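Residue-level listing of the chains:
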Amino acid sequence: MGEVKWEREQMLVDKILEKAPYAEGKVRRERRIEFSIPADRIRDFLMLLKENDFELMLQITTVDWPNDGELELIYQMWSVTHRTHAMVRTRIPRDLDKARIPTVKDIYPVAETYERDSHDFFGVYFEGNEKMEMPWILDDTEQGLFPHRKDFDMLTYVKKKYKLLDRFDEDKDNYVI
Amino acid sequence: MVSQNELIREARENGMDLFPLDKDTYELFFGPQHMATENFSIILKMDGHRVVKAIANPGFLHRGFEKLAEYRPWHTNIALLLRICVPEPDVPEAIYSMAVDEIIGWEVPERAQWIRTTVLEMARVSAYLFWIMGLSFKLGVYTAGQWAAAYRERLMALFEQLTGARVYHIYTIPGGVRRDIPGDKWLRQLKDTVEYIRSKLPDFDNLVFENYVAHRRLEGIGVMDKKFALAEGVTGPNLRATGVPYDVRMADPYLLYPELDFEVPVLKEGDALARALIRRFELEQDLYILDQLLEMGPPSGPYKVEDPRLKNLPRFKVPAGDAFAHVESTKGDFGAYVVSDGKHKPYRVQIRGPSIAHGVRILEQLLVGARIADVPVILMSLDNCPPDIDR
């Protein structure tokens, strides 16, 4: 039933999957499609999307899944021509030395900023982005802590940094900062 | 790097007098306390009064909204995320609520949709007035800025009646809105305000948008073309000023926008003047949309979904899943990506601030070659909202 309802989106997915046999794709709902691909094919796939009129990169989201030992990168693309949002999901290992993925800043220049963001907060290293080592939003003392990872202990960090703010109770079950 | 002689020659060709400086370039830290940069910091490398290189230096507003959101129950996040963009706080509320609605699969009642649309349009008008204030101050037309602030005050008063707060409304919640509209009197006041602001638009035209001095300050600076803007991810009025008719309200319709009649103004020059004029035209369109909404009138019915889960908000749970929602803000395409793992707090929230595209890389490139006096004007013509970048 879904395929009949979202015919335009299904055709777009089929067209892209035809050229990218390594990818899996589906239609989520009207104007929302989704692909998941292996991390080493990210450049090929985004180049393919650019050829298929996905002009805008809306953002790169990183989600930490510590139980799987993986970080998920979601490239969110928008096509002005097709009026469709595409999520491109890929997973990379979570270990700091293995969390590497090639940059896509030569395909979508705006990716540079999101890649710096992801590097600062999650420790993902984008190979080929020369601004990786440049300081971004975090202070010097916070570099290398990767605060958006799930195992970053925010409570300890806050207590250490703001010594006067000793109002957090660890025994409390459901504290709200 | 551009040589000094070239810069001087270029300046002379443009009719400017420059002292030939023999010194090397110097570094100038512009912001974050400088009032023209609005809490944003740029490191400028200057040669005389020309910018040779610019480096955006964000981070001064960073409060870790996205991390904090992972520690708070679903509903209290509204009070946190709306602080992302102060001139237009209803937008982060709306995108977060729309994403949560999509994960749960809630159909928001018609009355709530009408209220949400009205609030979003009111927020747009108020944000554009705020922007006119900023631009006028940077151009030195203080009168227009003070007018804009005063007219915005009328909308603030209406927001206060509606939500109980002037700036941080905490009004749009997952499933609808927090409370009903105060009554017919409020609707009449809104109608009066819309008419009043519209009647004042010619004054702004005379003083800012058709002003010879303003045109000289805005025309031909910070030019970008269509292809460059798309590759750099620019959205909103900045993209429409380069000739791309992309508006989320048209391209990915949400709430009541499919039923409304409005135009998407497009210019193709891509300079600061085109961006300013686009915003001026959009202000008129937004007032027109508010007219239509008021004509339509709020549909009867509940203002939020009737669901037993809404009874105990601290333990409110959202089923596992993820969703991306975006709306058109005055800065551009504002989006939220929300992941739930089925617990009573979000697993991950990422806000897509439109300014991250035109506030970092675009700014660094457009500022090169500009005069120091043009730096605040270019910054204002891009309508940069620094907390979007810092989050």
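As the structure is a prediction and not an experimental result, all values here were calculated from the model.

I would appreciate a short explanation of the environment of L162 of chain B in the present structure.
All names here are of chain B. Turning to its location among the elements, L162 is positioned in helix 6 (residues 142–163). A relative accessible area of 0% places L162 in the buried class. For the pair L162 and R179, spaced 17 residues apart in the sequence, the C-alpha separation amounts to 8.2 Å. Setting aside residues no more than four positions away along its own chain, L162 makes contact with V119, Y171, R179, I181, P182 and W186.

Got a minute to help me understand the interface of chain B and chain A in this structure?
Quite often, the size of an interface is put as the accessible area lost when its parts meet. The partner chain A presents 49 residues to the 48 residues of chain B that form the contact. Interface area for chain B against chain A, summed over the two sides, is near 4100 Å², with a carbon-plus-sulfur share of 55%. Looking only at chain B, the three residues that lose the most surface to chain A are K67, Y71 and Y347 of chain B, adding up to 16% of its buried area. Along the contact surface separating chain B from chain A lie eight salt bridges. Across the pair E70 of chain B and K150 of chain A runs a salt bridge whose closest N-O atoms are separated by 3.2 Å. Here the side of chain B that touches chain A is built from residues that sort into 24 nonpolar, seven polar and 17 charged.

Any chance you could explain the nonpolar core here in plain terms?
When a protein is soluble and globular, its nonpolar side chains tend to lie buried together. F45, L46, M57, Y75 and M77 of chain A together with I42 of chain B are the most contacted members of the largest nonpolar core, which totals 173 residues. Element by element, the count of residues in this core is highest for helix 5 (residues 110–139) of chain B, at 13 residues. If near-sequence neighbours (up to four positions away) are discounted, I42 of chain B is found in contact with L28, F29, F30, A54, I55, L363, L367, V375 and L379 of chain B.

Can you walk me through the pairing of strand 2 (residues 42–47) of chain B in this structure?
Consecutive residues of a regular strand have side chains that alternate between opposite faces of the sheet. All names here are of chain B. Of all six residues in strand 2, five are buried; the element is thus mostly enclosed. The pairing of strand 1 (residues 26–30) with strand 2 spans five bridges and is classified as antiparallel. Its bridge partner lying in strand 2, Y26 is registered against M46. Pairing geometry for strand 2 and strand 3 (residues 50–56), over six bridges, is antiparallel. From the neighbouring strand, I43 faces strand 3, where its bridge partner is I55.

Got a minute to help me understand the packing of helix 7 (residues 184–209) of chain B against helix 12 (residues 272–296) of chain B in this structure?
Residues and elements named next belong to chain B. Following both chains from N to C, one finds helix 7 and helix 12 inclined at 160°, their axes separated by 10 Å at the closest point. Relative to helix 12, the element helix 7 lies roughly antiparallel. Our pair here, helix 7 against helix 12, has a crossing hand that is left-handed. In contact with L187, L190, K191, V194, I197, R198, L201, D205 and F209 of helix 7, helix 12 contributes A276, L277, R280, L283, E284, L287, Y288, L290, D291 and L294. Residues that form the contact of helix 7 with helix 12 fall into these classes: 13 nonpolar, no polar and six charged.

Any chance you could explain the packing of aromatic side chains here in plain terms?
The way to describe two aromatic rings as a pair is by their centre distance and the angle between their planes. Across all of its chains, the model carries 14 aromatic pairs over all chains by this definition. Arranged with centres 4.6 Å apart and planes meeting at 15°, the rings of W65 of chain A and Y347 of chain B form a pair that is stacked. Residue W65 of chain A is located in strand 3 (residues 56–65), and its partner Y347 of chain B is located in the loop between strand 7 (333–340) and strand 8 (348–352); the two belong to separate chains. Ring centres of Y151 of chain B and F204 of chain B lie 5.7 Å apart, and the angle between their planes is 75°; this geometry places the pair in the edge-to-face category. With a gap of 53 residues between them, Y151 of chain B in helix 6 and F204 of chain B in helix 7 connect regions that are remote in the sequence. Y151 of chain B gets classed as buried once you look at its relative accessible area, which sits at 7%. Of the aromatic side chains, those joined through ring pairs into one cluster are W147, Y151, Y196 and F204 of chain B. The side chain of K150 of chain A reaches across the aromatic face of Y347 of chain B, ending 4.0 Å from its centre. Between R279 of chain B and the ring centre of W131 of chain B, over which it is positioned, the NZ or CZ distance is 5.3 Å.

I would appreciate a short explanation of the confidence of the model for chain B in the present structure.
The predicted coordinates ought not to be read in detail in places where the model reports low pLDDT. Residues and elements named next belong to chain B. Residue-level pLDDT values for chain B average 88, and 95% of them are 70 or greater. Per-element confidence in chain B is highest for helix 7, whose mean pLDDT is 93, and lowest for helix 1 (residues 4–13), whose mean pLDDT is 69. Scored as a whole, the predicted complex attains pTM 0.89, and scored at its interfaces, ipTM 0.88.

Sorry, what's going on with the UniProt feature "domain: NADH-quinone oxidoreductase subunit D" (unreviewed entry) in chain B here?
Look at the UniProt record and you will see "domain: NADH-quinone oxidoreductase subunit D" (unreviewed entry) annotated at residues 139–391 of chain B. Split by type, residues 139–391 of chain B is 48% helix and 10% strand. Its first and last C-alpha atoms lie 29 Å apart.

What is the right way to read the sheet that holds strand 2 of chain B from this model?
What holds strands together in a sheet is hydrogen bonding between their backbones, with the strands either parallel or antiparallel. All names here are of chain B. With respect to topology, three strands assemble into an open sheet ordered 1-2-3, the strand pairing being antiparallel. Looking at the sheet topology across the chains shown, the edges are occupied by strand 1 and strand 3. Strand after strand, the sheet turns through a mean of 25° between neighbouring axes, direction not considered. Against the sheet, helix 13 (residues 355–366) makes contact with strand 2 and strand 3, and its axis sits at roughly 160° relative to strand 3, the strand it touches most.

Explanation requested: helix 14 (residues 374–382) of chain B in the structure shown.
Given 3.6 residues per helical turn, the α-helix brings residues three or four places apart onto the same face. All names here are of chain B. Within helix 14, nine of the nine residues are buried, leaving the element largely enclosed by the surrounding structure. Looking at helix 14, one finds that the buried residues are D374, V375, P376, V377, I378, L379, M380, S381 and L382. Directly beyond the C-terminal end of helix 14, a positive phi value near 55° is found at D383.

Looking at this structure, how should I read the packing of helix 4 (residues 111–122) of chain A against helix 13 of chain B?
A pair of packed helices can be characterised by two numbers: the angle between their axes and the separation between those axes. Interaxial distance between helix 4 of chain A and helix 13 of chain B falls to 9 Å at its minimum, and their mutual angle equals 100°. By the angle class used here, helix 4 of chain A and helix 13 of chain B are roughly perpendicular. Judged by residue contacts, E112, T113 and Y114 of chain A of helix 4 of chain A engage I356, V360 and R361 of chain B from helix 13 of chain B. Across the contact of helix 4 of chain A with helix 13 of chain B, the residue classes break down as three nonpolar, one polar and two charged.

Would you mind showing me how to read the environment of P346 of chain B here?
All names here are of chain B. Relative to the helices and strands, P346 resides in the loop between strand 7 and strand 8. With 272 residues separating them in the primary sequence, P346 and W74 have C-alpha atoms 6.4 Å apart. Residues in contact with P346, not counting those within four places in the same chain, are A69, E70, R72, W74, N77, Y96 and V339.

Would you mind showing me how to read unusual backbone geometry here?
All names here are of chain A. Its identity as a non-glycine residue notwithstanding, R31 has a phi of 65°, on the positive side. By secondary structure assignment, the location of R31 is in the loop between strand 1 (24–29) and strand 2 (32–36). You can call R31 buried: its relative accessible area is 12%.

Mind showing me how you'd approach the side chain of D120 of chain A here?
All names here are of chain A. For D120, the position within the fold is in helix 4. One buried charged residue, D120, remains without a salt bridge, the closest side chain of opposite sign being R116 at 7.5 Å. Within polar-contact distance, the side chain of D120 engages the backbone nitrogen of I137 at 3.3 Å. Within the local environment of D120, its side chain forms a polar contact with the backbone nitrogen of L138, the two atoms lying 3.3 Å apart. When residues no more than four places from it in sequence are discounted, the contact partners of D120 are W136, I137, L138, Q143, F146 and P147.

Conventions and cut-offs
- Residues numbered from 1 in each chain as written.
- Chains lettered and ligands numbered in written order.
- Predicted model: local features only at pLDDT ≥ 70, side-chain atom pairs only at ≥ 80, totals over all residues.
- Heavy atoms only, no water.
- Helix = DSSP H or I, 4+ residues; strand = E, 2+ residues; numbered from the N terminus.
- Buried < 20%, exposed > 50% of the residue type's maximum accessible area, 1.4 Å probe, protein only.
- Contact = heavy atoms within 4.5 Å.
- Buried area = accessible area lost by both parts, 1.4 Å probe.
- Salt bridge = Lys/Arg side-chain N within 4 Å of Asp/Glu carboxyl O.
- Nonpolar A, V, L, I, M, F, W, Y, C, P; charged D, E, K, R; others polar.
- Core = buried A, V, L, I, M, F, W, Y, C linked by side-chain atoms within 4.5 Å.
- Pairing = 2+ DSSP bridges.
- Axes fitted to C-alpha atoms, helices over the stretch in contact; angles between N-to-C directions.
- Parallel < 35°, antiparallel > 145°, perpendicular 65-115°, else oblique.
- Left-handed = near helix turned anticlockwise from the far one by under 90°.
- Phe/Tyr/Trp six-rings, centres within 6.5 Å; stacked < 30°, edge-to-face > 60°.
- Lys NZ or Arg CZ within 6 Å of the ring centre and 35° of its normal.
- pLDDT = per-residue confidence, 0-100.
- UniProt positions renumbered as here; feature names shortened; annotations may be inferred.
- Lys, Arg positive; Asp, Glu negative; His and termini not counted.
- Polar contact = N/O pair within 3.5 Å; in protein donor to acceptor, adjacent residues only side chain to side chain.

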